[in-house]
Amino acid sequence: MTDTPGSKSSNASNQMWGGRFAAGPDAIMEAINASIGFDKRMAAQDIAGSRAHAAMLGATGILEPSDVDAIREGLLTVLSEIEDGSFQFSTALEDIHMNVEARLKEIIGEPAGRLHTGRSRNDQVATDFKLWVRDQLDAAESGLVALIRALLDQAEAGADWVMPGFTHLQTAQPVTWGHHMMAYVEMFGRDLSRVRDARARMNTSPLGAAALAGTSFPIDRDMTAKALGFDAPAANSLDAVSDRDFALEFLSAASICAMHLSRFAEELVIWSSAQFRFVTLSDRFSTGSSIMPQKKNPDAAELIRAKVGRIFGANTALMMVMKGLPLTYSKDMQEDKEQVFDAADNLMLALAAMTGMVADMSANRDSLAAAAGSGFSTATDLADWLVRVLGLPFRDAHHITGTLVALAESKGCDLPDLTLDEMKSAHSGITAEVFDVLGVENSVNSRTSYGGTAPAQVRSQIARWKELVA
């Protein structure tokens, strides 16, 4: 509900300000000043913080038990109204905090005015926002774990399926499907660690820092911190009300994760094309064409790829808001939430969509295998054999291998298709044993170094990660 100046809600706003202004703000000021259109998303966090604050005020003797009981019960009534959609939000009341408090006063009367004892909107909004961001970090953790598990299932199913590995999107060396899936497990595993790390670092409570200098009331900040699941109260009141690092860290972690999602989405777009046919995406995450009946478009992957722009933009926008602000609170900081809300929504959606695509997609083993042996993918294996068996310097081996690649290319065949005599034309010491290393299966099986693509190594990494996300 939007109220006009001079309306009942506008007068209520003046009363909330304690009579400081003789007339209500004009429509432009009301529009630029109000944040209820977006910060109502923090209603549950706001009410949780207020209930914890009220309980503490009672425990310390600052409020009478009867007032505390009325406040805490009244806040539950407000929450139920918000959840069932019957709550009437007012733009004239600016934000979620004043909307809740005004409705609480309508429900319980005078005790509602005592709720704000020992706190300010500055520490209140910082607490609400921290609680909201913490919830998003928890949701991101769950989403990342689900995606990692889906990737592990794919990796386990194809731990020994050969496919081409690429550099510059050119065929480089054979790898396994499982190894490629595990590369993304490592990426999203780092995202998971960033999310967990950010959550641990941000988990201090601003509540009780008041406007900026603390309060003269004998409050118990440890009590409210514990009640809200924080590890401790924030140690400096100035920093507590002006800190938005927790939101920036969330956006930073979200940006890196979105970048990883975008890279994977790009590969899925390429792999599902008619030219590659490496994977088949399910109908649930594809669309058709309005005029081309043969088309199956990887729209979910493409949309994930595009989401990164919005999330990067949110990160940059909040950096720009915060970069020039002196301590402590400035109204600029009201612009801290919309970007975070949008980024969180899009990150969670992208994680869910990617998890669904990975769980449903089918790797086309025959197409992967056919591509694995193309493009002279075992050339490095040939060079390694020349070094290992004939004792040649690697640079000489590299030159000899290049000569043989050129010969095969001129004949329109691959390295394993050359005759022994043709091999010997590049170096007389080459024997028939060289053909043992030129098959893609032999190539991947030989990469047994830690972190390599050999199936045994892949299965070892799968087992390690299964324990980590159990």
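Since we're looking at a predicted model, the values are computed, not measured. (Residues numbered from 1 in each chain as written. Predicted model: local features only at pLDDT ≥ 70, side-chain atom pairs only at ≥ 80, totals over all residues. Heavy atoms only, no water.)

Caption draft 1: Just the nonpolar core, in detail. Judged by nonpolar contacts, the single largest core of 80 residues is most densely connected at Trp177, Phe188, Leu261, Phe264, Trp271 and Met354. Elements with a contribution of two residues or more to this core: helix H7 (121-157), helix H8 (177-202), helix H11 (245-271), helix H12 (299-322), helix H13 (337-360), helix H14 (365-372) and helix H19 (455-468). Ranked by residue count, the leading element in this core is H11, at 15 residues. In terms of nonpolar packing, the next biggest core, distinct from the first, is built from 21 residues, Val78, Leu79, Val100 and Ala112 among them. (Core = buried A, V, L, I, M, F, W, Y, C linked by side-chain atoms within 4.5 Å. Buried < 20%, exposed > 50% of the residue type's maximum accessible area, 1.4 Å probe, protein only. Helix = DSSP H or I, 4+ residues; strand = E, 2+ residues; numbered from the N terminus.)

Caption draft 2: Empty space enclosed by the protein, seen in detail. Applying the stated rule across the entire model yields one cavity of 30 Å³ or more. Volume-wise, the largest cavity comes out at about 30 Å³. Lining the largest cavity are His53, Met56, Leu207, Gly208, Ile219, Asp220, Arg221 and Thr224. Listing elements by their share of the lining of the largest cavity, those giving two or more residues are helix H4 (43-59) and helix H9 (221-227). For the lining of the largest cavity, the residue count by class is three nonpolar, three polar and two charged. (1 Å grid on protein atoms, 1.4 Å probe; cavity = no way out; pocket = protein on both sides within 12 Å on 5 of 7 lines; lining within 4 Å. Points joined across faces, edges and corners; volume = space filled by probe spheres on them. Nonpolar A, V, L, I, M, F, W, Y, C, P; charged D, E, K, R; others polar.)

Caption draft 3: Summary view of the packing of aromatic side chains. Using the criterion set out here, one finds ten aromatic pairs in the structure. Relative to Trp271, the ring of Trp177 has its centre 5.6 Å away and its plane inclined at 50 degrees; by these criteria the two rings are tilted. Of this pair, Trp177 sits in helix H8 while Trp271 sits in helix H11, placing them 94 residues apart in sequence. These aromatic residues form a ring-pair network of at least three members: Phe166, Trp177, Trp271, Phe276 and Phe278. Over the ring of Phe341 we find Arg41, and its NZ or CZ is 5.0 Å from the ring centre. (Phe/Tyr/Trp six-rings, centres within 6.5 Å; stacked < 30°, edge-to-face > 60°. Lys NZ or Arg CZ within 6 Å of the ring centre and 35° of its normal.)

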